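Structure at a glance
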Amino acid sequence: MFDRILDPTGLSVRPARAAVAARRVPSLAGARVGLLTNTKRNAAQLLAGLGDLLRDRYGAVVAIQRTKPHVAFPVDEPMLREIAAVSDVVITGVGDCGSCSASAAADGIAFERAGIPAAVIVSDAFEVTARAMAGVHGDENFEILLTPHPVAVLNAEQVAERATELLAGVANRVREPAR
């Protein structure tokens, strides 16, 4: 029986830090959105669709879209700083396999610690992996947005439908609760 989860990236060798949640934006109107995709099929399309929906329905602006060089590794410090410098909120994913789900959770936590609210999207088949990595990074209760597995095999219309289904969850994850 396993008594702990190890971070395969080696980045959590440091002592686990306490969970940190960035301050949520009061409104998405005018908010600068950063999109961080991995190399998984349909990830860029799904996040771009969410960016378009955030623009159309909430008045947000996609400020930057970047793709990590490798699906299995968390965002590196230079890319994290580049995205954080021009973003009020970040959407990252899509965790649609074990290693990419783990790294997506690590990415979200890294942005939160940098003061940027993050919405992390993971397919439901890899929820356990993403939550385990969140625990390794000191935030076992980190909120992850789930979408049905798989995402990689969807056609363009289905990707657009998924973006629509995820929209409210993304908005609620990064902004202050309505009063």
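We now turn to the structure provided with this report. Small disclaimer: the values here were computed from a predicted structure and weren't measured.

Moving on, we come to the pattern of salt bridges. Per the counting criterion, the structure on display carries 9 salt bridges. Between Arg 55 and Asp 56 there is a salt bridge, and its shortest N-O distance comes to 2.8 Å. Judged by its relative accessible area of 42%, Arg 55 is partly exposed. Overall, Asp 56 belongs to the exposed group, its relative accessible area being 54%. With a closest N to O distance of 2.8 Å, Arg 131 and Glu 127 form a salt bridge. Of the two residues, Arg 131 and Glu 127 both sit in helix H4 (residues 127-136), 4 residues apart, roughly one turn of that helix. Looking at Glu 127, the relative accessible area reads 27%, which means it is partly exposed. A single network of salt bridges, built from pairs that share partners, joins Arg 24, Glu 112 and Arg 173.

Reading the values: the criteria
Residues numbered from 1 in each chain as written. Predicted model: local features only at pLDDT ≥ 70, side-chain atom pairs only at ≥ 80, totals over all residues. Heavy atoms only, no water. Salt bridge = Lys/Arg side-chain N within 4 Å of Asp/Glu carboxyl O. Buried < 20%, exposed > 50% of the residue type's maximum accessible area, 1.4 Å probe, protein only. Helix = DSSP H or I, 4+ residues; strand = E, 2+ residues; numbered from the N terminus.

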